[in-house]
Amino acid sequence: MRIGVPKEIKNHEYRVGLIPSSVQELVHNGHQVMVQAGAGLGAGITDADYVAAGASIIESADQIFADADMIVKVKEPLAVERKKLRKGQILFTYLHLAPDAEQTKDLIDSGAICIAYETVTSPNGSLPLLTPMSEVAGRLAPQVGAHSLEKAQGGRGVLLGGVPGVPAAEVVILGGGVSGTHAATIAVGMGAKVTVVDRSADALKRLAAQFGTAISTVFSTRAAIEELVRRADLLIGTVLVPGAAAPKLVTHDMVRTMKPGSVIVDVAIDQGGCVETSHATTHSDPTYVVDGVVHYCVANMPGAVARTSTFALNSVTLPFTLALANQGWKKALANDVHLRNGLNVSEGQVTCEPVALAHNLPYVKAETAIGL
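Along each chain, residue indices are assigned from 1 in the same order as the chain's sequence is written. Local features are withheld for residues below a pLDDT of 70 in this predicted model, meaning they are given only at 70 or higher, and side-chain atom pairs are given and counted only at 80 or more; totals for whole chains, interfaces and linings count all residues. Side-chain metrics in this entry use all non-hydrogen atoms of the structure; hydrogen atoms and water are not considered.

1. Observations regarding the state of the cysteines
The definition used for a disulfide is geometric: two cysteine sulfur atoms within 2.5 Å. Under the defined criterion, the tally for this structure stands at zero disulfides. Summary of cysteine pairing: C352 is not part of a disulfide, and the nearest cysteine sulfur, belonging to C114, is at 12 Å. For C352, a relative accessible area of 9% translates into the label buried. Categorising residues by exposure relies on relative accessible area from a 1.4 Å probe, with only protein chains included: less than 20% of the type maximum marks a residue as buried, more than 50% marks it as exposed, and the intermediate range marks it as partly exposed.

Here it is in structure tokens:
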């Protein structure tokens, strides 16, 4: 199979779809890998590194999209890239379609086979290709939140960990999953007073066992969220519904009750965000203010630490990339129900039910689309 790796063009996106060791594995399995010139530089990978691994360096994205049987990316294709997709071509990347009607329509019209990292599952019910980026984003959230709390950034002028005689900042984390747990780890390490909210009793028990008295855990109700949002210096939203738009747990009215200069970091913004006042921002212009509250809603947070993120991502995507290349998409999906769950759009049909529901589109089971 001919596998293409174009350079990411989203604002300040420095990650890359394949690293040299992944290229080497694919080439060893008899495949041809084409990497766009400079695609890996943001993650500290040179064209020479790719050549040494057996890849061909291609100057233009146009040629890669034209020649490749499968495109391996990191972020969802932008409009200019979606025009380059063709019928029968495999696209393997993060898509986050539920909050993005325009991208969904373009992928349907392209006729491509679009497999989303974020809906591939595992036998234990987790999302293995989303997990490493959730870990990175979770660990970044207190870091960017602490920076945004600085007065020069528009924040309250509060140090997350406080100092002797001055209390630490109150950090409230919505969601006790992968991102929320990692956010709590860093926030506790920075000395903050941390509360994690979740509606899963099992998640709260796990968090209590992991952190002991270092954090507080609260069962999620509207009343609890209203109270905690009002007290928070830093609110971190990490709520995820696989494949679907994130629920709006924090209303605009709740935001109005927050302290002037407090900060919201909406990690769930890839799926539309869990705060009503959130909208996606970029690394070049990461924050904005609503009712005196600083909002940090960068839709590709892990791109800020591109090398760590790229290597972490490849450690989980490579087995699936190899399966798609070695077996072809239909056989690979037929043989692996967990990879099959990643199929979002197939030759003009929406095969992910939450995406179909989000956009009021017809839904076709993945099994039907591949002829099972």
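2. Focus on the UniProt feature "active site" (unreviewed entry) in the protein chain
UniProt positions are given in the numbering used here, feature names are shortened, and annotations may be inferred rather than shown by experiment. Under the feature "active site" (unreviewed entry), the UniProt entry names H96 and D270. A maximum C-alpha distance of 6.3 Å places the annotated residues, which cover 175 residues in sequence, within one compact spot. Of the annotated positions named here, the largest pocket is lined by H96 and D270. Put simply, DSSP H or I for four residues or longer makes a helix, DSSP E for two residues or longer makes a strand, and each gets a number counted from the N terminus. Tracing the backbone shows H96 in the loop between β5 (90–93) and α5 (101–110). Whether a set of points on the 1 Å grid over the protein atoms alone is a cavity depends on a 1.4 Å probe fitting there but being unable to get out, while an open set qualifies as a pocket with protein on both sides within 12 Å along at least five of seven lines; lining residues are those with an atom within 4 Å of a point.

3. As for a nonpolar patch on the surface
Only residues whose relative accessible area exceeds 30% and that form no salt bridge are eligible for patches; like-charged ones are grouped when within 9 Å, while nonpolar side chains (Val, Leu, Ile, Met, Phe, Trp, Tyr) are grouped when within 5 Å. Calculation of accessible area relied on Shrake-Rupley with a 1.4 Å probe; when residues are assessed, cover is drawn exclusively from the protein chains displayed. A carboxyl oxygen of Asp or Glu within 4 Å of a side-chain nitrogen of Lys or Arg is what we treat as a salt bridge. Together, L159, V163 and V166 give the surface a local cluster of nonpolar side chains, amounting to about 270 Å² of exposed area. Relative to the helices and strands, V163 resides in the loop between α6 (131–148) and β7 (170–174).

4. Notes on helix α7 (residues 178–189)
Taking 1.5 Å per residue, 12 residues should reach 16 Å; α7 reaches 17 Å between its end C-alpha atoms and fits that length. Buried within α7 are the following residues: S179, G180, T181, H182, A183, A184 and A187. Packing partners of the buried residues in α7 comprise α6, β7, β8 (193–198), α8 (201–211) and β10 (234–237). A positive phi of about 90° marks G191, the residue just after α7. Multiply 1.5 Å by the residue count of a helix minus one, and that product is the helix's expected span. The contact definition used throughout considers only heavy atoms, calling two residues in contact when any of these lie within 4.5 Å.

5. As for unusual backbone geometry
Unlike most non-glycine residues, H96 shows phi in positive territory, near 50°. A relative accessible area of 7% places H96 in the buried class. With a phi angle near 50°, D291 is a residue other than glycine that sits in the positive phi range. Note on placement: D291 falls in the loop between β12 (287–290) and β13 (293–296).

6. Details of the packing of helix α1 (residues 20–28) against helix α11 (residues 306–327)
The packing of two helices is summarised by the inter-axis angle and the distance between the axes. Orientation is described by axes fitted as lines to C-alpha atoms, over the contacting stretch for helices, and by angles from 0 to 180 degrees between their N-to-C directions. Contact geometry of α1 with α11 gives a least axis separation of 10 Å together with a crossing angle of 20°. The angle between α1 and α11 places the two elements in the roughly parallel class. Once α1 is placed against α11, the crossing between them reads as right-handed. Residue-level contacts link S22, E25 and L26 of α1 to N314, L318, T321, L322 and A325 of α11. Angle categories: roughly parallel below 35 degrees, roughly antiparallel above 145, roughly perpendicular from 65 to 115, and oblique for all the rest. Crossings are classed by handedness, with left-handed meaning an anticlockwise turn of the near helix from the far one by less than a right angle and right-handed meaning a clockwise turn.

7. Describing the environment of W329
Its place among the elements puts W329 in helix α12 (residues 329–335). A sequence separation of 15 residues divides W329 from N314, and the C-alpha atoms of the two residues are 19 Å apart.

8. Thoughts on the sheet that holds strand β1 (residues 2–5)
By definition, two strands form a pair when at least two bridges between them are found by DSSP. Spatial strand order, β3-β2-β1-β4-β5-β6-β14-β15: eight strands in an open sheet with mixed pairing. In this open sheet, the two strands that pair with only one neighbour each are β3 (56–58) and β15 (349–350). As defined by bridge partners, strand β2 (residues 32–36) adjoins β3 across three bridges and the pair is classed as parallel. Looking at β3, one finds that M34 is bridged to S56.

9. Re the UniProt feature "binding site: substrate" (unreviewed entry) in the protein chain
Those places that UniProt annotates as "binding site: substrate" (unreviewed entry) correspond, in this numbering, to R15 and K75. In three dimensions, the annotated residues from a span of 61 residues occupy one location, with a maximal C-alpha spread of 8.7 Å. Considered against the largest pocket, the annotated residues that line it turn out to be R15 and K75. In this structure, R15 sits in the loop between β1 and α1.

10. Thoughts on the domain arrangement of the protein chain
It is common to give the size of an interface as the accessible area lost on bringing the parts into contact. Where a domain begins and ends is set by an automatic assignment or by a domain database. When the domains of the protein chain are assigned, the result is domain 1 (2–126 + 306–370) and domain 2 (130–296). Spacing between the C-alpha centres of domain 1 and domain 2 amounts to 30 Å. Contacts between domain 1 and domain 2 engage 17 residues on the former and 14 residues on the latter. Simply put, the buried area is the total loss of 1.4 Å probe accessible area from both parts when two parts are fitted together. Together, the buried faces of domain 1 and domain 2 total about 1300 Å²; carbon and sulfur atoms form 64% of this surface. Looking only at domain 1, the three residues that lose the most surface to domain 2 are N11, H96 and P99, adding up to 30% of its buried area. At the boundary of domain 1 and domain 2, one finds one salt bridge. Here D270 makes a salt bridge to K75, at a shortest N to O gap of 3.3 Å. For this analysis, a polar contact is any N or O atom pair within 3.5 Å, provided that within protein one partner can donate a hydrogen and the other can accept it, and provided that sequence-adjacent residues contribute only side-chain to side-chain pairs. On inspection of domain 1 and its partner domain 2, the count reaches four residue pairs in polar contact (both at pLDDT 80 or more). When contributions to the side of domain 1 that touches domain 2 are tallied by element, the ones reaching two or more residues are α11 and α14 (353–359). The element best represented in the side of domain 1 that touches domain 2 is α11, accounting for four residues. Tallied by class, residues from the side of domain 1 that touches domain 2 come to nine nonpolar, five polar and three charged. Amino acids outside the nonpolar list (Ala, Val, Leu, Ile, Met, Phe, Trp, Tyr, Cys, Pro) and the charged list (Asp, Glu, Lys, Arg) are all regarded as polar, and Gly is one of them.

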